[in-house]
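Descriptive structure summary
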Amino acid sequence: MNTRKEVSNMEKLTRRSFLGAAGAAALTLAACNGGGSTGGDDTTPDGDAEVATKVIMVTDTGGVNDQSFNELSWAGMQQLSTDLGWEVSYLESKQDADYMTNLDKAVDAGAQLIWGVGFAMGAAVNEAALANPDVQFAIIDSTNDNGAANLTGVTFKQEECSFAVGYVAARMTASGKVGFVGGIDSEIMQSFEQGYYAGIEYANKEQGLSVTYQGQWAESFGDAAKGKAIAQSQIADGCDVLYHAAGGTGTGMIEACAEAGVWAIGVDQDQSHLAPETVITSALKRVDQAIYQISQQLIGGSLTGGSNITLGAAEDAVGIAPTHDLLPDEIYQGALAVIDKIKAGEIVVPKNADELDTFKAGL
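What counts, and where the lines are drawn
Residues numbered from 1 in each chain as written. Predicted model: local features only at pLDDT ≥ 70, side-chain atom pairs only at ≥ 80, totals over all residues. Heavy atoms only, no water. Helix = DSSP H or I, 4+ residues; strand = E, 2+ residues; numbered from the N terminus. Buried < 20%, exposed > 50% of the residue type's maximum accessible area, 1.4 Å probe, protein only. Areas by Shrake-Rupley, 256 points an atom, 1.4 Å probe, with all protein chains shown as cover. 1 Å grid on protein atoms, 1.4 Å probe; cavity = no way out; pocket = protein on both sides within 12 Å on 5 of 7 lines; lining within 4 Å. Points joined across faces, edges and corners; volume = space filled by probe spheres on them. Polar contact = N/O pair within 3.5 Å; in protein donor to acceptor, adjacent residues only side chain to side chain. Phe/Tyr/Trp six-rings, centres within 6.5 Å; stacked < 30°, edge-to-face > 60°. Salt bridge = Lys/Arg side-chain N within 4 Å of Asp/Glu carboxyl O. Nonpolar A, V, L, I, M, F, W, Y, C, P; charged D, E, K, R; others polar. Pairing = 2+ DSSP bridges.

With that settled, consider the overall build of the protein chain. Check the secondary structure of the protein chain and you find eleven helices and 16 strands. When burial is assessed residue by residue, the protein chain has 58% of its 363 residues classed as buried. Summing over all exposed atoms, the protein chain offers an accessible surface of approximately 14200 Å²; the carbon and sulfur share of this is 47%.

Next up, the structure:
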């Protein structure tokens, strides 16, 4: 029997506390040849050695240098080291078969808390948590499905930030055509696409536009060449604003947009640094702060595990990047107003195709 506890707004993770540490995460990566480590031993006032809290992150196949989701997760880990002196490290998964192997390595290394990053790791993390009840586990973009008392699932309402950038895309296009490049097609990734599409349709209704949409899945989070090829095809079809939810694959989309002189929209973190004259905004997903704060709560005991946590615009856990140099102020402010309506419940963003159909019918 499934005995998992559902938590829609995480205990202790208030809107103020979630944002309070948001600016502190550094995005500088350690050398990444399959693993990295920062932090060290603390000492007590008497000079006696005190063993540092050890936390290990296991990435999905996108790798820690994806300039997106995994990199942002590692930034949250690094912040634990910088602020608290914790010993943090990561293990990269090159293929799906590495998930359980890396989780076992993290257990053997003596980690008190092990993070899995990415929905593809869901089954492996659930299995590892049941097999190792004395170790805390947590996973980004998946859930505690087996009722393990030592596993915390953390998911985001990424459809909400995608809606906001879809609204921006529809108002920024000159051709009336916008595109989307997805990573691996799945239920959770569909929420990026459907939220984006819904934001386009909302802008069409609000602004009297007739913007059309096309999207394609690369079936990879680490194939920049594939992302670039898909983007080039969409650009050839007339799309002049493209959004990706594809990890490292999406960097290829941004490159194609820069070469063609069309607009790009980033994801997870502010990706304007990748192409300052091309990336008009990014859909933010504050994975770094989820890892930073939930880790402290699990280690400190204010969160015991065995729950599922969902974070969205109401918690300021998703939104759009503050960088908006390339956006007319009217459009940027319009996007912020859309986010405020989502927070207030005035807009309920669809996360799948059926919900999108209902949403469009109600416009």
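What follows covers empty space enclosed by the protein. Per the stated rule, a full pass over the model turns up one cavity of 30 Å³ or more. Approximately 160 Å³ is the volume found for the largest cavity. Every residue lining the largest cavity is counted, 17 residues in all, and those nearest its centre are Phe69, Met189, Phe221, Gly247 and Asp268. Only helix 2 (69–84), helix 6 (187–207) and strand 13 (263–268) provide two or more residues apiece to the lining of the largest cavity.

The next subject is the side chain of Lys54. Relative to the assigned elements, Lys54 resides in strand 5 (residues 54–58). Engagement of the side chain of Lys54 in a polar contact is seen with the backbone oxygen of Ala109, the distance being 2.7 Å.

Let us look at the packing of aromatic side chains. Counted under the stated rule, the structure contains eleven aromatic pairs. On the basis of an interplanar angle of 90° and a centroid distance of 5.8 Å, the ring pair of Phe163 and Phe359 is categorised as edge-to-face. Separated by 196 residues along the polypeptide, Phe163 in helix 5 (residues 158–172) and Phe359 in helix 11 (residues 353–361) bring together distant segments of the chain. Look at Phe163 and you get buried, because its relative accessible area is 0%. Geometrically, the ring pair formed by Tyr167 and Tyr202 is tilted, given 6.2 Å between the ring centres and 50° between the ring planes. A residue pair is termed long-range when its members are at least 10 positions apart, and Tyr167 in helix 5 and Tyr202 in helix 6 qualify at 35 residues. Aromatic ring contacts, followed pair by pair, group Phe180, Tyr196, Tyr197, Tyr213, Trp217 and Tyr243 into a single cluster.

Enumeration over the complete set of coordinates arrives at nine salt bridges. Arg286 is the salt-bridge partner of Asp288, the closest N and O atoms lying 2.8 Å from each other. For the residue pair Asp288 and Arg286, the accessibility class agrees, reading buried in each case. A salt bridge links Glu355 to Lys351; the nearest nitrogen and oxygen atoms lie 3.2 Å apart. On the basis of relative accessibility, which here comes to 30%, the residue Glu355 falls in the partly exposed class. A relative accessible area of 41% means that Lys351 is categorised as partly exposed.

The next subject is the layout of surface pockets. The computed volume of the largest pocket comes to approximately 580 Å³. Lining the largest pocket are 28 residues, and of these Phe156, Glu159, Glu187, Ser191 and Lys351 sit closest to its centre. Mapped onto the lining of the largest pocket, the elements with two or more residues apiece are strand 9 (151–156), helix 5, helix 6, strand 15 (307–311) and helix 11. In terms of residue class, the lining of the largest pocket is made up of nine nonpolar, ten polar and nine charged.

Moving on to unusual backbone geometry. The phi torsion at Glu219 lies on the positive side, around 60°, for a residue other than glycine. Turning to its location among the elements, Glu219 is positioned in the loop between strand 11 (212–217) and helix 7 (224–236). Within the chain, Asp316 stands out as a residue other than glycine whose phi angle is a positive 55°.

Right, let's talk about the pairing of strand 9 for a bit. Counted residue by residue, strand 9 has six buried out of six residues, so it is predominantly covered. Residues of strand 9 alternate between two faces, with Leu151, Gly153 and Thr155 on one and Thr152, Val154 and Phe156 on the opposite face, all of them buried. As paired elements, strand 8 (residues 136–140) and strand 9 share four bridges and run parallel to each other. In the sheet register, Ala138 faces strand 9, and the bridge partner there is Thr152.

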